[in-house]
Amino acid sequence: MKLYKFFIVLSILATLNAACSGKKGGAEGDAATSTAKDETLREYNLDIQKEQTKNRFECDTISLKEYILKNYEPGSYLVEFDRTYTYNVPKSAVIYFRDTSNYVLCMIAKSKQSERKIEAKNVVGFESSYINLDSTKLGTAFFWLTLFECKNGEINKLWESEAPIHGGFNRMTIKKWPAKNEKYIELNFEDGIISGHRNYNFFMIDGWRNKPHLMETYSALALKRTIANVNNDKYPDYYEYRFTTGKSKNDSLVSIRVLDSVPFYWSQKRQLYITDRSSRWFRKY
């Protein structure tokens, strides 16, 4: 009987010890991903960059990172370009240029506040394009193309515009649309799910100081959309292509070819991309 009681007490103690260990491990896990620890680490890394950077200038990348850390919600980061080669040193997705003023164009990723904070490395490149399938484990990223003005050494935000995708960022480029001699920013995202890439194009319809107009193009195994000038207004349009597949006798895929192209143009009244082919076909961007 005494031996029976001894085993009962021993079992209770073992259960309590396991519970305490679980709580301790959970607390350590929370600390490892806490906002305070993340911000402390980022401040430390910025201090190291300040010490190692010999040539500083007004509103440089270090200043921009400090601005984001101080003025944005926790879990917001300046994104880096994807590495061209395996051992390339990644560069921040920032473009400095002068037009009517000194501008700083950049990509910022924000974390969804109800989930764990993202890690900037997890939203860049081909592998991160699959984050759309199950983004909650690594946090959900919201990409924002952002334009700042650098004036008298101060950084001031002019606007930000969201790119509707969660991962796979590759590069950012300022281009010109020849049809209207109009500048736009192309955000290129790799997309492994469609076996291709997506471009989110931000057209500066009303100049740099006003929010741009978004239009998406893409190219993949059986998906394609290209920029076009359909109705000759100031807004860019596009052709959306329809594909057909050819199969062999054993039902294996042998070819993919273009079946048709459908022109879409921007409707200012509806604030949508529409086509004359069908009133039921429309797109947001």
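Residues numbered from 1 in each chain as written. Predicted model: local features only at pLDDT ≥ 70, side-chain atom pairs only at ≥ 80, totals over all residues. Heavy atoms only, no water.

Draft legend 1. Inspection of a nonpolar patch on the surface at higher detail. Side chains of Phe 126, Tyr 130, Leu 133 and Ile 193 sit close together on the surface and give an oily, nonpolar patch of about 410 Å² of accessible area. Summarising the element assignment, Ile 193 is placed in the loop between β7 (182-191) and β8 (196-203). (Patch = residues over 30% accessible without salt bridge, like charges linked within 9 Å, V, L, I, M, F, W, Y side chains within 5 Å. Areas by Shrake-Rupley, 256 points an atom, 1.4 Å probe, with all protein chains shown as cover. Salt bridge = Lys/Arg side-chain N within 4 Å of Asp/Glu carboxyl O. Helix = DSSP H or I, 4+ residues; strand = E, 2+ residues; numbered from the N terminus.)

Draft legend 2. Representation of the packing of aromatic side chains. One pass over the full model with this rule turns up 18 aromatic pairs. Centroid distance Phe 97 to Trp 208: 4.6 Å. Interplanar angle 50 degrees. Geometry classified as tilted. With Phe 97 in strand β2 (residues 94-98) and Trp 208 in the loop between β8 and β9 (213-219), this pair connects stretches of sequence that are 111 residues apart. Phe 97 gets classed as buried once you look at its relative accessible area, which sits at 17%. Given a relative accessible area of 9%, Trp 208 falls into the buried group. Summarising the aromatic geometry, the rings of Tyr 235 and Trp 266 are spaced 6.2 Å apart at their centres and angled 40 degrees between planes, so their arrangement reads as tilted. Here Tyr 235 is found in the loop between β10 (224-228) and β11 (237-247), whereas its partner Trp 266 is found in strand β12 (residues 253-267), with 31 residues between them in sequence. Here the two residues Tyr 235 and Trp 266 agree in accessibility, since each one is buried. (Phe/Tyr/Trp six-rings, centres within 6.5 Å; stacked < 30°, edge-to-face > 60°. Buried < 20%, exposed > 50% of the residue type's maximum accessible area, 1.4 Å probe, protein only.)

Draft legend 3. Summary view of the environment of Phe 202. With respect to the helices and strands, the residue Phe 202 is situated in strand β8. Phe 202 sits 40 residues away from Glu 162 along the chain, and the two C-alpha atoms are 9.9 Å apart. With sequence-adjacent residues up to four places away left out, Phe 202 is seen in contact with Leu 145, Ser 161, Glu 162, Ala 163, Lys 183, Tyr 184, Ile 185, Leu 187, Pro 212, His 213 and Leu 214. (Contact = heavy atoms within 4.5 Å.)

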